[in-house]
Amino acid sequence: MSTWKNIMLQDSASPLMEQLAYFHDHTLLILVIITMLVSQLLISLFFNKFTHRLLLEGQMIEIIWTILPSITLIFIAIPSLSLIYILDEINSPMISIKTIGHQWYWSYEYSDFSNIEFDSYMIPMTDLEKFNFRLLDVDNRMIIPYETNIRMLITAADVIHSWTVPSLG
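A quick note: this is a predicted structure, and the numbers were derived from the prediction, not measured.

Caption draft 1: Quick peek at the sheet that holds strand S2 (residues 105-110). With mixed pairing, the four strands of this open sheet are ordered in space as S3-S2-S1-S4. Since the sheet does not close on itself, it has two edges, and those belong to strand S3 (116-121) and strand S4 (150-156), each with one partner. Each adjacent strand pair in this sheet contributes to an overall mean axis angle of 20°, direction not counted. Pairing between strand S1 (residues 95-101) and S4: seven bridges, direction parallel. Across the sheet, residue Gly101 finds its bridge partner in S4, namely Ala156.

Caption draft 2: View of the pattern of salt bridges. Applying the stated criterion to the full structure yields one salt bridge. As a salt-bridge pair, Arg141 and Asp137 come within 2.8 Å of each other at their nearest N and O atoms. The exposed category is assigned to Arg141, whose relative accessible area is 53%.

Caption draft 3: Seen up close, the pairing of S1. When you tally the buried positions in S1, you get six out of seven residues, the bulk of the element. Across five bridges, the pairing between S1 and S2 is antiparallel. When the bridges of S2 are listed, Ile100 appears paired with Ser107.

Caption draft 4: View of unusual backbone geometry. With phi around 65°, Leu135 is a residue other than glycine that occupies positive phi space. Summarising the element assignment, Leu135 is placed in the loop between S3 and S4. Even without being a glycine, Glu147 presents a positive backbone phi close to 55°. Assignment of secondary structure puts Glu147 in the loop between S3 and S4.

Caption draft 5: Representation of the layout of surface pockets. Put simply, the second largest pocket is a space of about 460 Å³. Residue lining of the second largest pocket: 17 residues in total, with Leu37, Val38, Leu41, Leu68 and Pro69 positioned closest to the centre. If you list the elements that add at least two residues to the lining of the second largest pocket, you get helix H1 (15-47) and helix H2 (59-86). In the lining of the second largest pocket, the residues fall into 16 nonpolar, one polar and no charged.

About the thresholds
Residues numbered from 1 in each chain as written. Predicted model: local features only at pLDDT ≥ 70, side-chain atom pairs only at ≥ 80, totals over all residues. Heavy atoms only, no water. Pairing = 2+ DSSP bridges. Helix = DSSP H or I, 4+ residues; strand = E, 2+ residues; numbered from the N terminus. Axes fitted to C-alpha atoms, helices over the stretch in contact; angles between N-to-C directions. Salt bridge = Lys/Arg side-chain N within 4 Å of Asp/Glu carboxyl O. Buried < 20%, exposed > 50% of the residue type's maximum accessible area, 1.4 Å probe, protein only. 1 Å grid on protein atoms, 1.4 Å probe; cavity = no way out; pocket = protein on both sides within 12 Å on 5 of 7 lines; lining within 4 Å. Points joined across faces, edges and corners; volume = space filled by probe spheres on them. Nonpolar A, V, L, I, M, F, W, Y, C, P; charged D, E, K, R; others polar.

Function-wise, these values are silent; they only describe arrangement.
Listed below in structure tokens is the structure:
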């Protein structure tokens, strides 16, 4: 479980989240290298009084600082494009669940089955047991099968809600 002091991503619970974490680390490494290079150049320019005579006028340096960023963008774009295709929608899910966010509760509909729908309200503070989590436990929990492909269709009836499982990506 992620806490406030974590600086990394949560532990992944799906292969998609593992690929997202790898892409995050790959991109972060490139950004750290660029930041260190630019910082080193700025510090050396700040403390150095001498300049190279070909640094201010030269087409070779302009070619280099035009080609290097494009190569860097290619190193970021290729894994990003492959990740977009990996994250594409599942074509054959085992079950589809329609989730509707209302202002103070959620409605769930199992659309693959006939007439299975229910509302999920938070448990009031007065009805909480010692093992319940405040503001997280509900009266009707959504039950989903284990290790199956699930399509979640999420919408809102009146208020847009934030509904996410970060460890699933």
